[in-house]
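Architecture and fold: a report
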Amino acid sequence: MSNEFRYTMPHAIQNQHHTNFQHADISQLCASTDNDRCLTIEKAIFHALENVIDPELGRSLVDLGMITSIAVSSRLQDNELQHDDDGVDLYDAHINMEITVSGCPLSQQLLDTVTQAVILCSTSYAKVIPQVSITTMSSEKLSDLMKRLKESRHDNPFLHPTCRTKIFAIASGKGGVGKSSITANLAATFAALGYKTAVIDADIYGFSIPTLFGIQSQPTNLDGMLMPVKAWGVNIMSIGMFAGSQNAILWRGPRLQRSLQQFLSDVWWDDPDVLLLDLPPGTGDMPISVAQFLPSAQTVVVTTPQKSAATIAARSGLMSLQLPGHVCGVIENMSWYDYQGDRLYLFGQGGGQQVADHLTRDLGYDVPLLGQIPLENDVRQKGETGHPAVLDDSGHLTQSLIAQTFCSIASSLLHED
Ligand SMILES: Nc1ncnc2c1ncn2[C@@H]1O[C@H](COP(=O)(O)OP(=O)(O)O)[C@@H](O)[C@H]1O
Ligand SMILES: [Mg+2]
């Protein structure tokens, strides 16, 4: 994106910010005049903020035109430079940041990040004290920004030849086998492993992804472009987020048929590494839409261990014969229940392997059993409170068997071609 930054600086450095300014320059401050010091700190802050990325738009605050002014002045009292207890001179850095919409839920996070970045511009000679004010972008500036962003992306970014997103559609022959729970935990695992991860809840009539991630907020609508809601490190879009809202109208009626298309074209996805789709159970329009709009999507089949479920799951997998998507594996869920030292196979055994064997035979390529997930109270209980069971309270992967199994599935999926 072109850099349309307009600096409101007391020192005339507007055209100098392309110079390769290094933090090392600030270490020279002791020899500089006060005015030079202010200028140097301003440049350092500018470059620091170039590296602060807006969590929704995935672009630098500076590139987005969100930093509208940086003004540094020494803190004076009776014409004397003020310093801290260690004799370090104090500098106030007044920064104005324009956010895209007022009341943006991420503005506090952004404020904290900017404040921290500015503090880090301090050196042994100059202590920088951030004074960050937040205002809201004018509607003209916002629509101009969104216009530029829309021009820089493609209608369906996942169809573009340069798209490097790995797309996995999570499918099952019937409902209730844990497809959404697996989608949520797998996505949380990918995100915790450091992959930029997105989820589309493609189960339009039976959505459960917002609940599983504890999402209460709605996507921000930036001039017609919807920002996915981020939860547990995952960018998420579900029709369930619109329930009861004004925006719901936009998505209802005949347009619901086109919802996948809209999820792809009207949402700012920003090149995720991994995109998971929680498909509705069984066969229907959605897998066909996926094949049409996300031809690079691969299918992961979820099944339970009993044989009847295995047959249905295989049928759903076989649907992929008509779809371009490669079936990259099977996940068996509810495989056993560990109770007081005993491993109980409540739903029988072998269904996952059976489905994998069926698919391997019928599709003519290897469809492996990627993993077996036991029945665990945590999966259901934590899921109901919006907390993926693989993560601890601070969002890190736990040491549990389930977390390890999801990590191993995640790694197999990314190495699958
Ligand atoms: N491994 C598991 N252990 C315990 N409960 C599970 C497990 N997987 C799923 N569940 C529970 O089973 C129910 C159905 O799961 P869900 O993910 O909604 O299935 P689907 O999306 O296939 O309909 C939910 O109540 C969920 O919490
Ligand atoms: Mg579901």
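Check the entry above for the structure.
Residues numbered from 1 in each chain as written. Chains lettered and ligands numbered in written order. Predicted model: local features only at pLDDT ≥ 70, side-chain atom pairs only at ≥ 80, totals over all residues.

Right, let's talk about the environment of Gln216 for a bit. Considering the arrangement of structural elements, one finds Gln216 in the loop between helix 5 (209-212) and strand 8 (220-222). In this structure Gln216 comes out as exposed when scored by C-beta crowding, with 11 C-beta atoms within 10 Å. Placed 170 residues apart in sequence, Gln216 and Gly386 show a C-alpha to C-alpha distance of 9.8 Å. (Helix = DSSP H or I, 4+ residues; strand = E, 2+ residues; numbered from the N terminus. Buried ≥ 20, exposed ≤ 12 C-beta atoms within 10 Å, placed from the backbone.)

The next point concerns unusual backbone geometry. For Trp232, which is not glycine, the phi dihedral falls at a positive 50°. Locating Trp232 in the fold gives a position in the loop between strand 10 (229-231) and strand 11 (234-238). Here Trp232 falls in the buried class, since 22 other C-beta atoms lie within 10 Å of it. Phi angles above zero are rare outside glycine, and Met334 is one such case at about 60°. Topologically, Met334 is positioned in the loop between strand 14 (327-333) and strand 15 (337-339). Judged by local crowding, Met334 falls into the buried class, with 25 C-beta atoms found within 10 Å.

Another point: the environment of Cys121. Here Cys121 shows up in the loop between helix 2 (107-119) and strand 5 (126-136). Classification of Cys121 by C-beta neighbours within 10 Å gives buried; the count is 25. Sequence separation between Cys121 and Phe46 is 75 residues; the distance between their C-alpha atoms is 9.9 Å. Residues contacting Cys121, with those up to four places away along its chain left out, are Ile41, Ala44, Ile45, Ala48 and Val128. (Contact = placed C-beta atoms within 7 Å.)

Lining the immediate environment of ligand 1, one finds 17 residues, of which Gly178, Lys179, Ser180, Ser181 and Arg380 sit closest. Elements that contribute at least two residues to the shell around ligand 1 include exactly helix 4 (179-192) and helix 11 (377-384). When the residues that make up the shell around ligand 1 are grouped by side-chain class, the tally is five nonpolar, nine polar and three charged. (Near = placed C-beta within 6 Å. Nonpolar A, V, L, I, M, F, W, Y, C, P; charged D, E, K, R; others polar.)

Right, let's talk about the pairing of strand 5 for a bit. Bridge analysis of strand 4 (residues 89-99) against strand 5 gives eleven bridges, and the strand direction is parallel. Among the inter-strand pairings, Asp89 is bridged to a residue of strand 5, identified as Ala126. (Pairing = 2+ DSSP bridges.)

Bringing the sheet that holds strand 4 into the picture now. The strand order across the open sheet built from three strands is 1-4-5, with neighbouring strands paired in mixed fashion. On the outer flanks of this sheet lie strand 1 (67-74) and strand 5, each paired with one strand and no other. Taken pair by pair, the neighbouring strands of this sheet meet at an average axis angle of 15°, ignoring direction. As paired strands, strand 1 and strand 4 are joined by seven bridges and run antiparallel to one another. Counted as the bridge partner of Ala71 is His94 from strand 4. (Axes fitted to C-alpha atoms, helices over the stretch in contact; angles between N-to-C directions.)

With that settled, the discussion passes to the nonpolar core. In terms of nonpolar packing, the biggest core is built from 102 residues, with Ile41, Ile45, Ile170, Val234 and Leu277 touching the most fellow members. With eight residues, the top contributor of residues to this core is helix 4. Two domains each put at least three residues into this core: domain 1 (14-152) and domain 2 (157-415). Once residues within four sequence positions are removed from consideration, Ile170 is found in contact with Lys179, Ile182, Thr183, Leu276, Leu277, Asp278, Leu279, Val300 and Val302. (Core = buried A, V, L, I, M, F, W, Y, C linked by C-beta atoms within 7 Å. Domains from an automatic or database assignment.)

Through backbone hydrogen bonds, the strands of a sheet pair up, either in parallel or in antiparallel fashion. The strand order across the open sheet formed by eight strands is 10-11-7-12-6-13-14-17, and the pairing between neighbours is mixed. A strand with exactly one partner marks an edge of an open sheet, and here the two such strands are strand 10 and strand 17 (369-373). Mean inter-strand twist for the sheet, computed between neighbouring axes without regard to direction, equals 25°. The pairing of strand 7 (residues 197-201) with strand 11 spans five bridges and is classified as parallel. By the bridge assignment for strand 11, Val199 is matched with Ile236. Of the strands in this sheet, strand 6 (166-171), strand 7, strand 11, strand 12 (274-278), strand 13 (298-303), strand 14 and strand 17 are in contact with helix 4, which crosses strand 12 at around 170°.

With 13 residues, helix 10 (residues 351-363) should reach 18 Å at 1.5 Å per residue; the first-to-last C-alpha distance of 18 Å fits that figure. Every buried residue belonging to helix 10 is among Gly351, Gly352, Gln354, Val355, Ala356, His358 and Leu359, and all of these are buried. Backbone geometry just downstream of helix 10 places Gly364 in the positive-phi region, at approximately 80°. (Expected span 1.5 Å × (residues − 1).)

Bringing the pairing of strand 7 into the picture now. Summarising burial for strand 7: five of the five residues are buried, a large majority. Of the two faces of strand 7, the one carrying Thr197, Val199 and Asp201 and the one carrying Ala198 and Ile200 are both buried. Here five bridges tie strand 7 to strand 12, and the two strands are oriented parallel to one another. Counted as the bridge partner of Asp201 is Asp278 from strand 12.

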